[in-house]
Amino acid sequence: MDFIDHLIPDSSLRYPFIALLFIVIFIILVLIFNFIIKKWRIRARKSKSHIDDLIIRMFRIPGIWIIFSALLNIFSSLLQEDARTFDVLQKISRILLIITLGWLVVQVIRGTFRYWQNKLDINNPNNLEARKRLTQMSMVERITVIIVSFIFLSIALMTIDSVRQLGVSLLASAGVAGIIIGFAAQRSFGQIFSGIQIAFTQPVRLDDVVVIEGEWGRIEEINITYAVVKIWDERRLIVPIDYFLNNPIQNWTRATSNILGTVFLYVSYDLALEPLREELARIVKDDPNWDGRVQNIQVTESKQWYKEIRVLVSSSDSSRNWDLRVAVREKLIDFINLHYPGSFAKINAFGTDRKEASATDE
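These remarks concern the structure in this document. (Residues numbered from 1 in each chain as written. Predicted model: local features only at pLDDT ≥ 70, side-chain atom pairs only at ≥ 80, totals over all residues. Heavy atoms only, no water.)

## Comments concerning the environment of I336
Point 1. Looking at the element boundaries, I336 is found in helix α11 (residues 318-339).
Point 2. Between the C-alpha atoms of I336 and L276, which are 60 residues apart in sequence, the distance is 8.1 Å. (Helix = DSSP H or I, 4+ residues; strand = E, 2+ residues; numbered from the N terminus.)

Structure below.
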């Protein structure tokens, strides 16, 4: 303090000098901190472990805020004779320190969950257990981050007397306002509890294949209040989280990713099935999307002018099964046209018009 007074005898220049000195020292310390982080990152890239990269990402921003908060606390002591300024700076310093610690705790939580999640292999076709754990951890992580953020934000606000007194006054007069807010927030809380319920009962999981609102897709994200379904054509369907509890949906990977797929062909009665069965066996044998479990052709319906045959094939997951059904349909149609031309069903309407029925699938 005496050093500042001796160096700057003019009191009108004292505050600008302290502010300039604060900025210069802060910039120097940040440059030193970034230099250390840069060197640490170079060493971390040479390491096979991902933990050191995670630690660097977690501490970079909190480190800068800690430097700022510590400097602010030190420089505020130079202004002790100005009680009002000193008190304001002290409160700002405490709030920044609390927020920084909260940020650091949140990053540690996220880093811990990322470390656990990276141990799960969801690229394996038989990834049911991994998807169950990933869904639970994702939801628990989000809820934990929200709770921790709320706690540290509350602690930061409690350091301000005026806000604390305002909070007490609001709580004392909550009455009817609290009831109104409770009704207004009822759906929001319902969504949150639905998210918690889905995390543990798991009617759907991350990466599940589902059919919702007539759209086929995969569960890409499960958040606290909504889920994101990635549709096959790269669109995203945003679904409220309680939709999965209140509406029936098709979950193709609920118990296992294995799936059976069907292709329907409509052919004339004189077409023999045995050659088609032999051709189907040849087709799936050379197709990597077939898992070797099921391949069969059966007559499932007989109409006045044609018969319906169902081609049943199996795959390890729905994406492979889609590609397999497409290939089987194309090759069987070509096979029938080549070896048994005119064998697709023809509907004779009133004895005059003749129209070929198309091949369909489910």
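## Quick look at helix α10 (residues 274-285)
Point 1. If you check α10, its first and last C-alpha atoms are 17 Å apart, about what 12 residues at 1.5 Å a residue would give, namely 16 Å.
Point 2. Turning to α10, its buried residues number three or more, namely L276, E279, L280, I283 and V284. For α10, the buried positions fall inside an angular range of 125 degrees around the axis, keeping them on one side. Turned more than 90 degrees away from the buried face of α10 sit E278 and K285, all of them exposed.
Point 3. At its buried positions, α10 is contacted by β7 (295-302), β8 (307-315) and α11. (Expected span 1.5 Å × (residues − 1). Buried < 20%, exposed > 50% of the residue type's maximum accessible area, 1.4 Å probe, protein only. Arc of directions from axis to C-beta. Contact = heavy atoms within 4.5 Å.)

## Considerations on a nonpolar patch on the surface
Point 1. There is a patch of nonpolar side chains on the surface, built from L20, V24, I28, L29, I32, F35 and I36 and spanning about 640 Å² of accessible area.
Point 2. Among the structural elements, L20 can be located in helix α2 (residues 14-46).
Point 3. Taking relative accessible area as the criterion, L20 reaches 53% and is therefore assigned exposed. (Patch = residues over 30% accessible without salt bridge, like charges linked within 9 Å, V, L, I, M, F, W, Y side chains within 5 Å. Areas by Shrake-Rupley, 256 points an atom, 1.4 Å probe, with all protein chains shown as cover. Salt bridge = Lys/Arg side-chain N within 4 Å of Asp/Glu carboxyl O.)

## As for the pattern of salt bridges
Point 1. Summed over all chains, the structure comprises 10 salt bridges.
Point 2. Two residues, E234 and K230, come together in a salt bridge whose shortest N-O distance is 3.7 Å.
Point 3. When the shortest N-O distance is used, the salt bridge between R320 and D317 registers 3.9 Å.
Point 4. On the basis of relative accessibility, which here comes to 13%, the residue D317 falls in the buried class.
Point 5. Connected through shared salt-bridge partners, E220, K230, E234 and R236 make up one network.

## Considering the sheet that holds strand β1 (residues 209-212)
Point 1. Across the sheet, which stays open at both edges, the five strands sit in the order β4-β3-β2-β1-β5 with antiparallel pairing between neighbours. Whereas interior strands pair on both sides, the edge strands pair on one side only; in this sheet they are β4 (236-240) and β5 (250-251).
Point 2. Two strands pair when backbone bridges link them, and β1 and strand β2 (residues 215-222) are joined in this way by four bridges, in the antiparallel orientation. Opposite V210, over in β2, you have G217 as the bridge partner. (Pairing = 2+ DSSP bridges.)

## Topic: the environment of F68
Point 1. Summarising the element assignment, F68 is placed in helix α3 (residues 51-76).
Point 2. Residue class for F68 comes out partly exposed when judged on its relative accessible area of 24%.
Point 3. When the C-alpha atoms of F68 and L96 are compared, they prove to be 8.4 Å apart, with 28 residues separating the residues in sequence.
Point 4. With near-sequence residues (within four places) excluded, F68 lies in contact with F22, F26 and L96.

## Details of the side chain of D208
Point 1. Checked against the element boundaries, D208 lands in the loop between α8 (186-201) and β1.
Point 2. Within polar-contact distance, the side chain of D208 engages the backbone nitrogen of R205 at 2.8 Å. (Polar contact = N/O pair within 3.5 Å; in protein donor to acceptor, adjacent residues only side chain to side chain.)

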